[in-house]
Amino acid sequence: MAETHVLFVEDDEVIREATQLALERDGFVVTAMPDGLAGLEAFRADRPDIALLDVMVPGLDGVSLCRRIRDESTVPVIMLSARADAIDVVLGLEAGADDYVTKPFDGAVLVARIRAVLRRFGHAGRAAGAPAGREGPDERGVLTFGELEIDTEGMEVRRGGVPVALTPTEMRLLLEFSTAPGTVLSRDRLLERVWDYGWGGDTRVVDVHVQRLRTKIGQDRIDTVRGFGYKLKA
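Throughout this description, residue numbers start from 1 for each chain and increase along the sequence as written. Only residues with pLDDT of at least 70 get local features here, since the model is predicted, and only at 80 or more are side-chain atom pairs given and counted; chain-wide, interface and lining totals rely on the full set of residues. To obtain the side-chain values, all non-hydrogen atoms of the structure were used and water was disregarded.

A.B. asks: Would you take a moment to explain the overall build of the protein chain for this structure?
C.D. replies: Here a helix means four or more residues in a row that DSSP labels H or I, a strand means two or more in a row labelled E, and each is numbered from the N terminus. Counting its secondary structure elements, the protein chain contains eight helices and 12 strands. Three exposure classes are used, based on accessible area relative to the maximum for each residue type with a 1.4 Å probe and protein chains only: buried under 20%, partly exposed in between, and exposed over 50%. By the burial criterion, 48% of the 234 residues in the protein chain qualify as buried. What makes two residues a contact is simply this: any of their non-hydrogen atoms within 4.5 Å. Taking the contacts inside the protein chain whose residues are at least 6 apart along the sequence as the reference set, 60% of them involve residues at least 24 apart. Exposure was quantified through the Shrake-Rupley algorithm and a 1.4 Å probe, taking into account, for residues, occlusion by the shown protein chains and nothing else. When the accessible surface of the protein chain is split by element, carbon and sulfur atoms take 50% of a total near 10700 Å².

Right, here's the structure in full:
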């Protein structure tokens, strides 16, 4: 099995070296960089399997670096922040990050989160099951919701016939909604099924990704059911 290549951008030398050693002990290949510009160069040169980006790094901050990476790739990104302030979390997720971890973090927890992200990216192409209350995909493997078409075999989405570019996490979220159109899905269920969390997670991750998905497939396609969760309009 090919080794997983991690790009790690962190300006604190002690944290950078200790985390790199911990990840390498778990079998990862790590490229560690001290600032955002060096991280961007390393990303373009090495094309890693996943990027760990500290929010507060010099040269090019982690949020800006995440945006630059997302402009070029759908590679999974985890943001690292010394603060759990809502603004830090939301800015990172809106920039295209798939998850975030608050420092100081336990090495085992970080590894678990990395593996969880990689698992869901590896299974982003799973076929959607037959949605409750309606027939499954047509003979082409396509689900249709109004002007929205979801190709469950080719893993492509079209809106009004125009291709929609989704990250693997956004695709998994949409597939989860499409398995139960009209049914309210709780944030906890989405965290478990999409983010592979076997434990409680931060529901802001779900909320921001739903907002990002809405901007791509239509603001009125996913309804918010206050106090319960979200549902895809059938």
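Having put the structure on the table, let's press on.
A.B. asks: Looking at this structure, how should I read the pairing of strand β12 (residues 229-232)?
C.D. replies: Walk down a regular strand and you will see the side chains alternate between the two sheet faces. The pairing criterion for strands is at least two bridges between them, as found by DSSP. Inspection of the sheet shows strand β10 (residues 185-186) paired to β12 by two bridges, in the antiparallel sense. Across the sheet, residue S186 finds its bridge partner in β12, namely G229. One ladder, built from four bridges, connects strand β11 (residues 222-225) with β12; its direction is antiparallel. Looking at β12, one finds that T224 is bridged to Y230. Taken together, β11 and the strand that follows it, β12, pair antiparallel across an intervening segment of three residues, in which G227 is found at a positive phi of about 85 degrees.

A.B. asks: Even after reading the chapter, I still don't get the side chain of S178, so can you show me in this structure?
C.D. replies: As for its position among the elements, S178 is in helix α6 (residues 168-178). From its side chain, S178 meets the backbone oxygen of L175 in a polar contact 2.8 Å long. We call two N or O atoms a polar contact when they sit within 3.5 Å, provided that within protein one can donate a hydrogen and the other can accept it, with sequence-adjacent residues counted only if both atoms are side-chain atoms.

A.B. asks: Would you explain the packing of α6 against helix α8 (residues 204-217) in this entry?
C.D. replies: Fitted lines through C-alpha atoms give the axes, limited to the stretch in contact for helices. The angle between two N-to-C directions lies from 0 to 180 degrees. Orientation of α6 relative to α8, taken along the N-to-C sense of each, is 85 degrees, at an axis distance of 10 Å. Taken together, the axes of α6 and α8 lie roughly perpendicular to each other. Here α6 contributes T169, E170, L173, L174 and F177 to the contact with α8, which in turn contributes H209, V210, R212, L213, K216 and I217. Classifying every residue of the contact of α6 with α8 by side-chain character gives six nonpolar, two polar and three charged. Any angle between 65 and 115 degrees counts as roughly perpendicular, while under 35 counts as roughly parallel, over 145 as roughly antiparallel, and the rest as oblique. Charged residues are taken to be Asp, Glu, Lys and Arg, nonpolar residues to be Ala, Val, Leu, Ile, Met, Phe, Trp, Tyr, Cys and Pro, and polar residues to be all remaining types, Gly included.

A.B. asks: What should I look at first to understand the nonpolar core in this one?
C.D. replies: Here is a general trend for soluble globular proteins: nonpolar side chains tend to be buried in one another's company. Among buried residues, the Ala, Val, Leu, Ile, Met, Phe, Trp, Tyr and Cys ones that are joined through side-chain atoms within 4.5 Å form a nonpolar core. L53, M79 and F177 are the most contacted members of the largest nonpolar core, which has 50 residues in total. Per element, the largest residue contribution to this core is six residues, and it comes from α8. F8, L23, I50 and L110 belong to the second-largest nonpolar core, a separate cluster that totals 15 residues.

A.B. asks: What is the right way to read the environment of L52 from this model?
C.D. replies: Checked against the element boundaries, L52 lands in strand β3 (residues 50-54). For the pair L52 and D99, spaced 47 residues apart in sequence, the C-alpha separation works out to 9.8 Å. Residue contacts for L52: discarding those within four places in its chain leaves V6, L7, F8, V9, L23, I78, L80, L110 and I114.

A.B. asks: Just to check I follow, could you spell out helix α2 (residues 36-46) for this structure?
C.D. replies: An α-helix turns once every 3.6 residues. As a result, residues three or four positions apart point the same way. Every buried residue of α2 is accounted for by G36, A38, G39, L40, A42 and F43. Of the surrounding elements, those touching the buried residues of α2 are β1 (5-9), β2 (29-33) and α3 (62-72).

A.B. asks: I tried to follow the sheet that holds strand β9 (residues 162-164) on my own but got confused; where do I start?
C.D. replies: Within a sheet, each strand pairs with its neighbour through backbone hydrogen bonds, oriented either parallel or antiparallel. Ordered in space as β6-β7-β8-β9, the four strands form an open sheet in which the pairing is antiparallel. Pairing within the sheet leaves two strands with one partner each, and these edge strands are β6 (142-145) and β9. Each adjacent strand pair in this sheet contributes to an overall mean axis angle of 25 degrees, direction not counted.

A.B. asks: Whenever I open this one, the pairing of β2 confuses me. Can you help?
C.D. replies: Here five bridges tie β1 to β2, and the two strands are oriented parallel to one another. Counted as the bridge partner of V9 is M33 from β2. Look down the strands so they point away from you; if the path from the first strand over the helix to the second goes clockwise, the crossover is right-handed. In terms of handedness, the path from β1 via helix α1 (residues 13-25) over to β2 forms a crossover that is right-handed.

A.B. asks: How should I be thinking about the pattern of salt bridges in this particular structure?
C.D. replies: Oppositely charged side chains can form a pair if their charged atoms are brought close together. Any carboxyl oxygen of Asp or Glu that lies within 4 Å of a side-chain nitrogen of Lys or Arg is treated as forming a salt bridge with it. By the definition in use, this model includes 15 salt bridges. Across the salt bridge formed by E147 and R159, the nearest N and O atoms sit 3.1 Å from each other. Here E147 is found in the loop between β6 and β7 (148-151), whereas its partner R159 is found in strand β8 (residues 156-159), with 12 residues between them in sequence. Here the residues in one salt-bridge network are E10, D54 and K103, joined through shared partners.

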